[in-house]
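The lines below spell out each chain.
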Amino acid sequence: MTLAANRLRITVVTPSFNQAQYLEETIQSVLQQRDDIDEYFVIDGGSRDASADIIRKYEDRIDYWVSERDNGQADAIHKGFSRATGDILFWVNSDDVMAPGAAARVRRAFEMHPEWDVLTGYSVFVNHASRITAVNCTPKESKWWASQGVLHVCQQTCYFTKSLYDRVGGIDVSLHCALDTELWLRFFEADARWGHLSAVLGGFRLHGEMKGVTWTDSYERERHIVAARHPWFPTRPVPYTLGRILYRGKRATGVLTGGERWTRPLLGTRLSAHVPGALTRKIAVL
């Protein structure tokens, strides 16, 4: 690794549990950017598949890893961030991927905008075979839109400062499904300053074993927890639906922009096959 002095440091954490099928690609998407990532931790929850063997294969390029029983994804993220010395924090789940060049883009953005506490960007959805199925281009987040039920933070693109993370008390280790949404809401409540990059920063994998498919009851229980803690954020169907209608109307009339058109040439290709510049250009012209 070639690490320049006096630059913002980035810490990346991968929480892992029984996802050996995808884990190697996740790790590789991080290690390909080690020149721009100062710390990389992999926290495995004692997987019973080949995950530990895959991690061990790359351990000379991972700063710290462990495979031991934990209390779930949020606990693993908390363990990793508790060790972090970076200025900027990010986690990439063991079935998702970082986009090529994302770390360098993020670091430059934070250095150019020291007032930012957190940033997001565009994302792609990938399938079990790592092929792009959709491109998710959204504008910058705002607390006002969140108060209308429009919160479209894609965790795979969300980077934030360690100072903000510590200020809000870190991730809630008691949550298993709404852990990211609940954290974003505390960012808003702390008056975090949100930035945005009009570039693809990460890939969210859709597959049959993901929590959104298999943990529906847990999602519903935690929806009520989030509603009780953050009553300003609508979770009930009527206000949420009205907020989405307003949002889509403003997008359709051009009041809100953010690369809303689908980038059809990317569909069916692999995220790792594209350099970030090419992704940005295609998003801009389509």
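All values derive from a computational prediction rather than experimental measurement.

Moving on, we get to unusual backbone geometry. The backbone of Ser 130 sits at a positive phi, close to 70 degrees, despite the residue not being glycine. By the secondary structure assignment, Ser 130 is in the loop between strand 6 (118-126) and strand 7 (132-136). Judged by its relative accessible area of 7%, Ser 130 falls in the buried class. One non-glycine residue with positive phi stands out, namely Asp 191, at about 60 degrees. Secondary-structure assignment places Asp 191 in the loop between helix 7 (179-189) and strand 9 (194-205).

Before going further, it helps to examine the pairing of strand 7. Two strands pair when backbone bridges link them, and strand 6 and strand 7 are joined in this way by four bridges, in the antiparallel orientation. Across the sheet, residue Ser 123 finds its bridge partner in strand 7, namely Asn 136. Counted between consecutive antiparallel strands, the loop separating strand 6 from strand 7 contains five residues, among which Ser 130 sits at a positive phi close to 70 degrees.

Moving on, we get to the packing of aromatic side chains. Taken as a whole, this structure holds 17 aromatic pairs when the rule is applied. With a centroid separation of 6.3 Å and an interplanar angle of 85 degrees, the aromatic rings of Phe 188 and Trp 232 are classed as edge-to-face. Of the two residues, Phe 188 sits in helix 7 while Trp 232 sits in the loop between helix 9 (216-229) and helix 10 (237-252), which places them 44 residues apart along the sequence. Judged by relative accessible area, Trp 232 falls into the partly exposed class, the value being 24%. Taken together, Phe 81, Trp 91, Phe 160, Tyr 165, Trp 184, Phe 187, Phe 188, Trp 194, Trp 232 and Phe 233 form an aromatic cluster joined through their ring pairs. Sitting above the plane of the Tyr 64 ring, Arg 83 keeps its charged end 3.6 Å from the centroid.

What counts, and at which threshold
- Residues numbered from 1 in each chain as written.
- Predicted model: local features only at pLDDT ≥ 70, side-chain atom pairs only at ≥ 80, totals over all residues.
- Heavy atoms only, no water.
- Helix = DSSP H or I, 4+ residues; strand = E, 2+ residues; numbered from the N terminus.
- Buried < 20%, exposed > 50% of the residue type's maximum accessible area, 1.4 Å probe, protein only.
- Pairing = 2+ DSSP bridges.
- Phe/Tyr/Trp six-rings, centres within 6.5 Å; stacked < 30°, edge-to-face > 60°.
- Lys NZ or Arg CZ within 6 Å of the ring centre and 35° of its normal.

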